[in-house]
Amino acid sequence: MTVFHKVNRSGKSKVLSKSERDLIQTALPEKYKLIAETLYWSAGRIREVLNIRVRNLVPDRGMVVLERDTTKTKETREVYLPHELMEKLVLRSTAMGLASSDYLFFNQSPTKSLVSQRKPLSVQSFDKELRRICDWNGLSGISSHSFRRTQLTELYKDGWTLREIQHISGHKSLQSLQEYLDVDKEVVVSKFRQRMMVA
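Residue numbers run consecutively from 1 along every chain, following the written order of its sequence. Where local features are concerned, this predicted model is filtered to residues with pLDDT of at least 70; where side-chain atom pairs are given and counted, the filter is 80 or more; whole-chain, interface and lining totals use all residues. The side-chain figures draw on all heavy atoms in the structure; neither hydrogens nor water molecules are used.

Caption draft 1: Geometry of the overall build of the protein chain. Scanning the protein chain from N- to C-terminus turns up nine helices and three strands. Helical segments are the DSSP runs of H or I of at least four residues, strand segments are the runs of E of at least two, and each set is numbered from the N terminus. Going residue by residue from the N terminus, the α and β elements of the protein chain occur as α-α-α-β-β-β-α-α-α-α-α-α. Accessibility here uses a 1.4 Å probe with only protein chains present; expressed as a share of the type maximum, an area under 20% marks a residue as buried, one over 50% as exposed, and anything in between as partly exposed. The buried share of the protein chain, reckoned over its 199 residues, is 43%. Contacts between residues were defined by any pair of non-hydrogen atoms, one from each residue, lying within 4.5 Å. Look at the contacts in the protein chain between residues 6 or more apart in sequence, and 57% of them connect residues 24 or more apart. Per-residue and other accessible areas follow the Shrake-Rupley method at a 1.4 Å probe size, with only the shown protein chains counted as cover for residues. Carbon and sulfur atoms form 54% of the exposed surface of the protein chain, whose accessible area is close to 11,800 Å².

Caption draft 2: Seen up close, the sheet that holds strand E2 (residues 63-66). Two strands make a pair as long as DSSP finds a minimum of two bridges between them. Taken in spatial order, the three strands line up as E1-E2-E3 in an open sheet, and their pairing is antiparallel. Edge positions in the sheet fall to strand E1 (57-58) and strand E3 (77-80), since each has one partner strand and no second. One ladder, built from four bridges, connects E2 with E3; its direction is antiparallel. Each residue of the ladder has a partner; that of Val65, found in E3, is Glu78.

Caption draft 3: Structural context of the packing of helix H2 (residues 30-42) against helix H5 (residues 123-136). Geometry is summarised by axes, namely lines fitted to C-alpha atoms with helices restricted to the contacting stretch, and by angles between N-to-C directions that run from 0 to 180 degrees. With their axes 11 Å apart at the nearest point, H2 and H5 run at an angle of 100° to one another. In terms of orientation, H2 and H5 fall into the roughly perpendicular class. On H5, the residues that touch Tyr32, Ile35, Ala36 and Leu39 of H2 are Ser125, Phe126 and Glu129. Any angle between 65 and 115 degrees counts as roughly perpendicular, while under 35 counts as roughly parallel, over 145 as roughly antiparallel, and the rest as oblique.

Caption draft 4: Just the packing of aromatic side chains, in detail. Aromatic pairs are defined between Phe, Tyr and Trp rings, using the six-membered ring for Trp, whenever the two ring centres lie within 6.5 Å; interplanar angles under 30 degrees are classed as stacked, those over 60 as edge-to-face, and all others as tilted. This model, assessed by the stated rule, comprises two aromatic pairs. Look at Tyr40 and Trp41: their rings are 4.9 Å apart centre to centre, the planes differ by 80°, and that puts the pair in the edge-to-face class. The class for Tyr40 is buried, based on a relative accessible area of 5%. Judged by relative accessible area, Trp41 falls into the partly exposed class, the value being 36%. Directly above the ring of Tyr40 sits Arg21, whose terminal nitrogen or CZ lies 3.7 Å from the centroid. The ring of Tyr103 has Arg53 sitting right over it, with the charged end atom 4.0 Å from the ring centre. Lysine NZ or arginine CZ positioned within 6 Å of the ring centre and within 35 degrees of the ring normal marks a charge as sitting over the ring.

Caption draft 5: Highlighting unusual backbone geometry. Residue Ala43 is not a glycine yet carries a positive backbone phi of 55°. Structurally, the position occupied by Ala43 is in the loop between H2 and helix H3 (46-50). Classification of Ala43 as buried rests on a relative accessible area of 0%. The backbone phi angle of Lys74 is positive, close to 60°, even though this residue is not glycine.

Caption draft 6: Here's a closer look at the environment of Gln166. Tracing the sequence through the fold places Gln166 in helix H7 (residues 162-169). Taking the C-alpha atoms as reference points, Gln166 and Gln178, separated by 12 residues in sequence, lie 9.5 Å from one another. In contact with Gln166, other than residues within four places in its own chain, are His171, Lys172, Ser173, Leu174 and Leu177.

Caption draft 7: Quick look at the nonpolar core. The biggest cluster of nonpolar side chains holds 36 residues, and the ones touching the most others in it are Ile24, Ile35, Phe105, Phe126 and Phe147. Only H2, H3, E2, helix H4 (83-95) and H5 provide two or more residues apiece to this core. With six residues, the top contributor of residues to this core is H2. The residues touching Phe126, leaving out its near neighbours within four places in the chain, are Tyr32, Ile35, Ala36, Leu39, Ile46, Leu121, Ser144 and Phe147. What is meant by a nonpolar core is a set of buried Ala, Val, Leu, Ile, Met, Phe, Trp, Tyr and Cys residues, joined one to another through side-chain atoms within 4.5 Å. Grouped together as the second largest cluster of nonpolar side chains are six residues, Ala43, Leu155, Ile165 and Leu177 included.

Caption draft 8: The side chain of Glu37, seen in detail. Its place among the elements puts Glu37 in helix H2. Judged by relative accessible area, Glu37 falls into the buried class, the value being 16%. Any N or O atom pair separated by 3.5 Å or less is treated as a polar contact, with the protein-specific requirement of one donor-capable and one acceptor-capable atom, and with residues adjacent in sequence counted only for side-chain atom pairs. Side chain to side chain, Glu37 and Lys88 meet in a polar contact 3.3 Å long. Sequence-distant contacts of Glu37, that is, excluding residues within four places in its chain, are made with Gln25, Leu85 and Lys88.

Written as structure tokens, this is what we have:
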């Protein structure tokens, strides 16, 4: 596996193992758990996920519309989520009495009025909570971007073509997408050695 993971917020985010992802999901408070799940399944960027409004949920299609002014590429993207996660997001919006234009994940402060619901949760708030969980459990090299890299790498390892993955990730170029994918160097070397033996 790649050994150049994030250190002091520099470098590539680590691709998570299933056990690391499960550990993080179990330890995060509910709101942050929903964000992490959405990051993973949407292969979205943290700002895209934090800017999801109630109106962006399309439950009957299991879809979330990422509006163009919230995406890095400035293009509207449709992302698909598992039914169970979509139900949780709809339940959150209903239980909190959120309006169509409200952000799904917003800053909650007992000292501020409901006006704070108009602002999405900050990237720093999510990162702080994720770092707390990772530090507590001795995990390093992990950031909010790890969920995106993990999903894209898993799709690649499952045999998806780069074009198919590009459709999910929203990358403009295949070159930038390839930089996301974590390739196991040992597997590459082993394959090449096998090829040399055949020749």
